[in-house]
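Structural characterization, general
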Amino acid sequence: MKKFAKITAVALVAIMALALLVACGPASDPQKAIDALKKHEYTAAKDTTLVPAALTLAGVKGVDAVVSGSKTVKDGDKNKVESVTIVYFTDSAAAKDAWAKVEEYAKKDNKDNDSDWTVKQSGAMIYWGTSAAIKAAR
């Protein structure tokens, strides 16, 4: 009986850890991400032409849409811009193939060298930005 309880406890911890990892990224649907950002008072927009075309010219294939959001917040005596960009691909294979190029682009987008900057791939999307903005896009 003790062995069963230990196995069950380990299984539950693993399932909870997986759920937390999945919940860390933005919404997997562009409209849901925009709605979530607007709910948190971010200026948000979906682009299906301009940025996807620019990424295609840079050699990135399979881009479906790009959602971006930003807002300015007070950080002590100065203002800080919280921002997120989410690139939605047609499938996870396209996102995986584009990872290196998009990661390089995303790191250039971190103009302030913000230590709170994150760049990640999750399924059919690659996203980057500050942790608060990424959290708001859920």
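Residues numbered from 1 in each chain as written. Predicted model: local features only at pLDDT ≥ 70, side-chain atom pairs only at ≥ 80, totals over all residues. Heavy atoms only, no water.

**Looking at helix α4 (residues 92-108)**
Operational definition: Where helices and strands are cited, they refer to DSSP runs of H or I of at least four residues and of E of at least two residues respectively, numbered from the N terminus. How far a helix is expected to stretch is found by multiplying one less than its residue total by 1.5 Å. One fitted axis covers the seven residues ending at a residue, a second covers the seven starting there, and the bend at that residue is the angle between these axes. The rule is simple: take the accessible area with a 1.4 Å probe, protein chains only, and divide by the maximum for that residue type; under 20% is buried, over 50% is exposed, in between is partly exposed. The contact criterion used is simple: two residues touch if any of their non-hydrogen atoms lie within 4.5 Å. In protein, a polar contact means a hydrogen-donor-capable atom and an acceptor-capable atom, both N or O and within 3.5 Å, with residues adjacent in sequence counting only if both atoms are side-chain atoms; elsewhere, any N or O pair within 3.5 Å suffices.
Taking 1.5 Å as the rise per residue, α4 with 17 residues should run 24 Å; its terminal C-alpha atoms sit 23 Å apart, in good agreement. Taking the largest bend as the criterion, α4 deviates by roughly 60°, centred on Trp99. Listed as buried for α4 are Ala94, Ala95, Ala98, Val102 and Ala106. On its buried face, α4 sits against β3 (78-89), β4 (117-122) and β5 (125-130). Between the side-chain oxygen at the start of α4 and the backbone nitrogen of Ala93 there is a gap of 3.3 Å, and the oxygen is on Asp91.

**Considering the confidence of the model for the protein**
Note the following rule: Confidence scores here are pLDDT values: one per residue, from the predictor, ranging 0 to 100.
On average, residues of the protein score 85 in pLDDT, and 83% of them reach the 70 mark or higher. Confidence drops under a pLDDT of 50 for residues 18-23, and excluding neighbours within four residues, the segment shows 1 contact in the predicted structure.

**Some words on the nonpolar core**
Put simply, the rule is: Among buried residues, those of type Ala, Val, Leu, Ile, Met, Phe, Trp, Tyr and Cys that are joined through side-chain atoms within 4.5 Å constitute a nonpolar core.
Core analysis: the biggest nonpolar cluster contains 16 residues, and Ala33, Leu37, Val67, Val84, Ile86 and Tyr88 have the highest contact counts within it. Only α2 (30-39), β3, β5 and α5 (131-136) provide two or more residues apiece to this core. Leave out the neighbours within four places in its chain, and Val67 touches Pro30, Ala33, Ile34, Leu37, Ala45, Lys46, Val84, Thr85, Ile86 and Tyr88. Leu55, Val66, Val102 and Trp117 belong to the second largest nonpolar core, which has 15 residues in total.

**Things to note about the pattern of salt bridges**
To be explicit about the condition: Here, a salt bridge means any Lys or Arg side-chain nitrogen found within 4 Å of an Asp or Glu carboxyl oxygen.
This model, assessed by the stated rule, comprises 4 salt bridges. Between Glu103 and Lys107 there is a salt bridge, with the nearest N and O atoms lying 3.4 Å from each other. Here Glu103 pairs with Lys107, and both are found in helix α4, just 4 residues apart, close to one helical turn. Take Lys107: its relative accessible area is 52%, and that puts it in the exposed class. A cluster of three or more residues bridged by salt bridges with shared partners is formed by Lys80, Glu82 and Asp116.

**A look at α2**
Convention followed: Directions are taken from the helix axis to each C-beta atom, and the arc is the one they span.
Among the residues of α2, Pro30, Ala33, Ile34, Ala36 and Leu37 are the ones counted as buried. Buried residues along α2 cover an arc of 165° about the axis, so they all sit on one side. Every exposed residue of α2 that faces more than 90 degrees away from the buried side is listed here: Lys32 and Lys39. Positive phi shows up at Glu41, right after α2, with a value of about 65°.

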